[in-house]
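So the chains spell out like this:
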There are 2 protein chains.
Amino acid sequence: MQSPRSNQDRTEKTRAALLSAARGLFIEKGYAETSTPEIVAAAGITRGALYHHFQDKRDLFRAVVAEEASAVAAAIEGRASASMQPVAALIAGSFAYLEAMHAPGRTRLLLIEAPAVLGMAEIQALDEANAARTLREGLEAAFSQAGRDPGLPLAALTDLLSAAFDRAALAIDAGGSAADYGAAISVLIRRLVLN
Amino acid sequence: MQSPRSNQDRTEKTRAALLSAARGLFIEKGYAETSTPEIVAAAGITRGALYHHFQDKRDLFRAVVAEEASAVAAAIEGRASASMQPVAALIAGSFAYLEAMHAPGRTRLLLIEAPAVLGMAEIQALDEANAARTLREGLEAAFSQAGRDPGLPLAALTDLLSAAFDRAALAIDAGGSAADYGAAISVLIRRLVLN
DNA sequence: CTAATTAACATACAGGCTGTATGTATGCAA
DNA sequence: TTGCATACATACAGCCTGTATGTTAATTAG
């Protein structure tokens, strides 16, 4: 806090401007159709700065995706409180997820483009860190309360359910009936867990 | 059948060579990392021929995807015969799908790259023409046999199930346990349909 | 049967984009 | 204040896509 602009400050501002501009363009036009000249123009800097802060275009995209994924996780956080019944918590969490994913362009960015650009492996790791673990624990709790753990492939079921949520988010974003997909999610969870 | 090489013949051979070469490269390296010079070199022709037969690179990709999707549909065809019980038919069809998707590179091509390159709308239309309708009819039959249609959002449920199948195919392809995912699919269907 | 037209390519070109290499100015540390 | 590293900006090389233009062979018209 001595110079008019410390290096740390400059870096933060530049990175933030880059991320914001990139997110807007990636959401609007997709990864492939967005050029780095466009991004830096929108951010008010030059390509030199971009390649100073990020290794390449993909690396910048990765940062945007991570940011967005963590925003989704944050939006869900706390929506399914520990005081709820397991099944109710599962359903509340699912609806929170659908709501959070409804932000403009999020489904396309996170569910369509990210797997193609970054590869499924990276996305899976990111999911695991954010939502998947919570979901699996919720499922586990619900199952164990209903007393029917034995032999069920819990991890696989978690994965399949998570895929169903993703598809629901995508479908709603594409104009599908939120009520229908919400009901379908609800039915799916209840039938799976309760007998 | 008069000339040593009729135009029709030439066209067919060239298109086939192009599609085959493109499929191999798209599967091996993905859409973005595959260049048209590479494709035509592998096919033994020039870029002029490619752009004569297809509007652009995406159009060629679209043709490859359509071919592959129809191969999957063909592989499933007949696996779920009308003589089976509805639920058994559903499960048989699901397993046939998982098997058909296990061909090298198919999950990546059809489930990861195609939505990103062609857009979700086109993929949905393609799915609808191939697998989704069959699935919905199967679900409907199973539900009506179990006597519990009223009020269920059938189309949405079909969509979610289809997403679960896709994820299972992806997960198995990525090294997940085919037994676990198969069991999970089986459980999901049974719990959903039977009470 | 020949002339004209069109289809099926091959070649050449223009523009744009990515990543890197290089230059410069400013903060920071000794 | 002198030297070094950081945060950029500028310049460059190579590749790729799509189009425009040429060429050869097949098909159609007269």
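Once a new chain begins, its residue numbering starts again from 1 and follows that chain's sequence as written. A letter from A marks each chain and a number from 1 marks each ligand, given out in the order of writing. Thresholds applied to this predicted model are a pLDDT of at least 70 for local features of residues and 80 or more for the giving and counting of side-chain atom pairs; totals over whole chains, interfaces and linings are not thresholded and use all residues. The side-chain quantities take in all heavy atoms of the structure and omit both hydrogens and water.

Each helix and strand counted, chain A has nine helices and zero strands in total. The helix and strand sequence of chain A, counted from the amino end, reads α-α-α-α-α-α-α-α-α. Expressed as lengths along the three principal axes of its C-alpha atoms, the size of chain A is roughly 65 × 40 × 25 Å. Accessibility here uses a 1.4 Å probe with only protein chains present; expressed as a share of the type maximum, an area under 20% marks a residue as buried, one over 50% as exposed, and anything in between as partly exposed. Classification of the 195 residues of chain A by burial places 47% in the buried group. Counting every atom, chain A has about 9600 Å² of accessible surface; 51% of that belongs to carbon and sulfur. The centroid of the 19 positive side-chain charges in chain A is displaced by 3 Å from the centroid of its 22 negative side-chain charges. Here a helix means four or more residues in a row that DSSP labels H or I, a strand means two or more in a row labelled E, and each is numbered from the N terminus. Throughout, the Shrake-Rupley method with a 1.4 Å probe supplies accessible areas, and for residues the shown protein chains are the sole cover considered. Only four residue types enter the tally: Lys and Arg on the positive side, Asp and Glu on the negative side, with His and both chain ends excluded. A charge is said to be at NZ when it belongs to Lys, at CZ for Arg, at CG for Asp and at CD for Glu.

Turning our attention to the protein's contact with DNA strand D. Consider each residue's heavy atoms; a residue with any of them within 4 Å of a molecule or strand counts as near. In the vicinity of DNA strand D, 21 residues are found, and the nearest of them are A:T11, A:T46, B:T36, B:R47 and B:Y51. The sugar-phosphate portion of DNA strand D accounts for 69% of its atoms within 4 Å of the protein, the bases making up the rest. Side-chain polar atom of A:T14 to a phosphate oxygen of DNA strand D: 3.0 Å apart, as the coordinates give it. Pairs of N or O atoms within 3.5 Å make up the polar contacts considered here, provided that, within protein, one atom can donate a hydrogen while the other can accept it, and that residues adjacent in sequence are counted only when both atoms are side-chain atoms. A distance of 2.9 Å separates a phosphate oxygen of DNA strand D from a polar atom in the side chain of A:H53. The set of elements that each furnish at least two residues to the surface near DNA strand D consists of helix 1 (7-29) and helix 3 (47-53) of chain A together with helix 2 (36-43) and helix 3 (47-53) of chain B.

For the rest of this paragraph, the subject is the protein's contact with DNA strand C. Of all residues adjacent to DNA strand C, which total 22 residues, the nearest are A:T36, A:R47, A:Y51, B:T11 and B:T46. Within 4 Å of the protein, the contacting atoms of DNA strand C are 68% sugar and phosphate, with bases supplying the remainder. A:Y51 is positioned such that a nitrogen or oxygen atom in its side chain is 2.5 Å from a phosphate oxygen of DNA strand C. In the environment of DNA strand C, a phosphate oxygen lies 3.0 Å from a nitrogen or oxygen atom belonging to the side chain of B:H53. Going through the elements one at a time, helix 2 (36-43) and helix 3 of chain A together with helix 1 (7-29) and helix 3 of chain B are the ones with two or more residues in the surface near DNA strand C. When residues are sorted by character, Ala, Val, Leu, Ile, Met, Phe, Trp, Tyr, Cys and Pro go into the nonpolar class, Asp, Glu, Lys and Arg into the charged class, and all the rest, Gly among them, into the polar class. Residues that form the surface near DNA strand C fall into these classes: four nonpolar, 13 polar and five charged.

Structural alignment of chain B on chain A gives an RMSD of 0.0 Å, achieved by rotating through 180° and translating 0.0 Å along the axis. With respect to symmetry, the two chain copies, as superposed, fit the operation of a two-fold axis. In this description, contact between two residues means that some pair of their heavy atoms is separated by no more than 4.5 Å. Most of the interface of chain B is mirrored in chain A, where 100% of its interface residues are also at the interface. Superposing copies: least-squares fit, C-alpha atoms only, residues required to have pLDDT of at least 70 in both.

Further remarks concern the packing of helix 1 of chain A against helix 6 (residues 106-118) of chain A. All names here are of chain A. Only the stretch in contact is used when fitting a helix axis, every axis being a line fitted to C-alpha atoms; angles between N-to-C directions are given from 0 to 180 degrees. In the contact formed by helix 1 and helix 6, the axes pass within 9 Å of each other and the chain directions differ by 70°. One finds that helix 1 runs roughly perpendicular with respect to helix 6. Note on element contacts: helix 6 touches helix 1 through R108, L109 and E113, opposite F26, I27, E28 and K29. Orientation labels follow simple angle bins: below 35 degrees gives roughly parallel, above 145 gives roughly antiparallel, 65 to 115 gives roughly perpendicular, and whatever is left gives oblique.

UniProt positions are given in the numbering used here, feature names are shortened, and annotations may be inferred rather than shown by experiment. Sites flagged by UniProt as "DNA-binding region" (unreviewed entry) map to residues 35-54 of chain A. Span residues 35-54 of chain A is 75% helix and 0% strand, its end C-alpha atoms 15 Å apart.

Axis angle and axis distance: for two packed helices, these are the angle between their axes and the distance between the axes, and together they describe the pair. Residues and elements named next belong to chain B. The interhelical angle for the contact between helix 8 (residues 154-173) and helix 9 (residues 178-193), taken along N-to-C directions, is 170°, at an axis separation of 9 Å. In terms of axis orientation, helix 8 runs roughly antiparallel to helix 9. When helix 8 is examined against helix 9, the residues L157, L161, A164, F165, A168, A171 and I172 are found in contact with a partner set consisting of A178, Y181, I185, L188, I189 and L192. By residue class, the composition of the contact of helix 8 with helix 9 is 13 nonpolar, no polar and no charged.

Right, let's get into the layout of surface pockets. Considering only enclosed or pocket space, the second largest pocket measures out at about 970 Å³ in volume. A 1.4 Å probe that fits but cannot get out identifies a cavity on a 1 Å grid over protein atoms alone, an open set with protein on both sides within 12 Å along at least five of seven lines counts as a pocket, and a residue lines either if it has an atom within 4 Å of a point. If you go around the second largest pocket, you meet 36 residues; those closest to its centre are A:A116, A:V117, B:E113, B:A116 and B:V117. For the lining of the second largest pocket, the residue count by class is 18 nonpolar, six polar and 12 charged. Grid points are joined across faces, edges and corners, and a volume is the space filled by probe spheres set on the points.

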